[in-house]
Amino acid sequence: PWGWIATAPGTPPAAPVVRVHPDRLPPGSVTATVTVVASGAGMSFTETVPVRVTTARLVRRHLVRR
């Protein structure tokens with residue numbers, strides 16, 4: 001629920017991009033595995049890519065009017 005795969009616009013083969021929903025990420029780190037399966041046009045392979053997203057603690061600054 002926190003991420004998905006998108007492809008860059010253009011003529012294939014376009015590079016896949018991992019996109020995330022920042023508001024759905026839990027604090028800390030989350031991991032996932034993306035598996036790419038390609039076949040056709042002279043290609044035939046499967047590749048697994050680990051993905052790790054680390055969120056930082058939100059720091060709020062308070063502005064003081066003088």
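Just above sits the structure.
Residues numbered from 1 in each chain as written. Predicted model: local features only at pLDDT ≥ 70, side-chain atom pairs only at ≥ 80, totals over all residues. Heavy atoms only, no water.

1. Focus: the environment of valine 18
Relative to the helices and strands, valine 18 is located in strand β2 (residues 16–20). For the pair valine 18 and threonine 7, spaced eleven residues apart in sequence, the C-alpha separation works out to 8.6 Å. When residues no more than four places from it in sequence are discounted, the contact partners of valine 18 are Trp4, Ile5, Val34 and Val51. (Helix = DSSP H or I, 4+ residues; strand = E, 2+ residues; numbered from the N terminus. Contact = heavy atoms within 4.5 Å.)

2. Comments concerning a nonpolar patch on the surface
Together, Val36, Met43 and Phe45 give the surface a local cluster of nonpolar side chains, amounting to about 250 Å² of exposed area. Secondary-structure assignment places valine 36 in strand β3 (residues 29–40). (Patch = residues over 30% accessible without salt bridge, like charges linked within 9 Å, V, L, I, M, F, W, Y side chains within 5 Å. Areas by Shrake-Rupley, 256 points an atom, 1.4 Å probe, with all protein chains shown as cover. Salt bridge = Lys/Arg side-chain N within 4 Å of Asp/Glu carboxyl O.)

3. A word on unusual backbone geometry
Even without being glycine, alanine 41 reaches a positive phi, approximately 55°. Turning to its location among the elements, alanine 41 is positioned in the loop between β3 and β4 (43–54). On the basis of relative accessibility, which here comes to 82%, the residue alanine 41 falls in the exposed class. (Buried < 20%, exposed > 50% of the residue type's maximum accessible area, 1.4 Å probe, protein only.)

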